[in-house]
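Topology and contacts: notes
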Amino acid sequence: MTGRKPAYKTFHHPHVGTITLTAQAMHLEGTPGQRLGAYVATPGPPTTTPCSCWT
């Protein structure tokens, strides 16, 4: 996946809040028209206090 710019997707979760993930997609060999997508969180400390649903 060289030469591609990273894509970002923002989700609004009712308990967690707003999160932005890096998105990547790749073609699957032998499956015309199919792609595999992955969303990855950037490593680092949380920017907000975890919600009560995690305790």
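So, a few notes on the structure that sits alongside this text. (Residues numbered from 1 in each chain as written. Predicted model: local features only at pLDDT ≥ 70, side-chain atom pairs only at ≥ 80, totals over all residues. Heavy atoms only, no water.)

Okay, the overall build of the chain next. A tally of regular secondary structure across the chain gives zero helices and three strands. Written out in order from the N terminus, the α and β elements of the chain read β-β-β. Burial analysis of the chain (55 residues in total) assigns 7% to the buried set. Looking at the chain alone, contacts between residues at least 24 apart form 14% of all its contacts between residues at least 6 apart. About 5,100 Å² of surface is accessible on the chain, with carbon and sulfur atoms providing 57% of the total. (Helix = DSSP H or I, 4+ residues; strand = E, 2+ residues; numbered from the N terminus. Buried < 20%, exposed > 50% of the residue type's maximum accessible area, 1.4 Å probe, protein only. Contact = heavy atoms within 4.5 Å. Areas by Shrake-Rupley, 256 points an atom, 1.4 Å probe, with all protein chains shown as cover.)

Relative to strand S2 (residues 17–27), strand S1 (residues 7–13) runs antiparallel, the two being bridged by seven bridges. Note that in S2 the partner of His-12 across the bridge is Thr-18. Taken together, S1 and the strand that follows it, S2, pair antiparallel across an intervening segment of three residues. (Pairing = 2+ DSSP bridges.)

It is worth spelling out the packing of aromatic side chains at this point. For the structure on display, the rule yields one aromatic pair. Between the aromatic rings of Phe-11 and Tyr-39, the centroid separation amounts to 5.5 Å while the plane-to-plane angle is 85°, which identifies the pairing as edge-to-face. One end of the pair, Phe-11, is in strand S1; the other, Tyr-39, is in strand S3 (residues 35–40), with 28 residues separating them in the sequence. Judged by relative accessible area, which is 49%, Tyr-39 ranks as partly exposed. In this arrangement the basic side chain of Lys-9 is found over the ring face of Phe-11, its NZ or CZ atom lying 5.8 Å from the centre. (Phe/Tyr/Trp six-rings, centres within 6.5 Å; stacked < 30°, edge-to-face > 60°. Lys NZ or Arg CZ within 6 Å of the ring centre and 35° of its normal.)

Before going further, it helps to spend a moment on the environment of Gly-37. Residue placement: Gly-37 occurs in strand S3. Remark: the alpha-carbon pair of Gly-37 and Ala-23, spanning 14 residues in sequence, is separated by 7.1 Å. Residues within four places of Gly-37 in sequence aside, it is in contact with Gln-24 and Ala-25.

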